[in-house]
Amino acid sequence: MQIIIQFGMRFDLLDQTILQAIAFFEGYLAKNRNVMSCFMSEIAIIAVELAIKNNEDRVLSLDECVNMIDNIGQGG
């Protein structure tokens, strides 16, 4: 869930977008209990992209997503 909040802050997303992304993320995990932890970042990105599609007038590029994951993976 931290990655979703970091995405929201980094890309100045609306609060409702962040909250919806968290809901998507938690909903997915509730239905898929055997998710490998190494895929959590990718699942979070998909949740963010879906929420952005519903609430924002933009989309994140693949490069933005990859760079964000790399930065988080390196601790900043």
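See the structure above.
We now turn to the structure provided with this report. (Residues numbered from 1 in each chain as written. Predicted model: local features only at pLDDT ≥ 70, side-chain atom pairs only at ≥ 80, totals over all residues. Heavy atoms only, no water.)

### Thoughts on the environment of Gln-16
Right, on to step 1. If you trace the backbone, Gln-16 turns up in helix H2 (residues 15–31).
Right, on to step 2. For Gln-16, a relative accessible area of 47% puts it in the partly exposed group.
Right, on to step 3. Separated by 38 residues in sequence, Gln-16 and Asn-54 place their C-alpha atoms 9.7 Å apart. (Helix = DSSP H or I, 4+ residues; strand = E, 2+ residues; numbered from the N terminus. Buried < 20%, exposed > 50% of the residue type's maximum accessible area, 1.4 Å probe, protein only.)

### What to know about unusual backbone geometry
Right, on to step 1. Positive phi is not limited to glycine here, since Asp-12 has a value of about 50°.
Right, on to step 2. Inspection of the secondary structure puts Asp-12 in the loop between helix H1 (2–10) and H2.
Right, on to step 3. On the accessibility criterion, Asp-12 (68% relative accessible area) is exposed.

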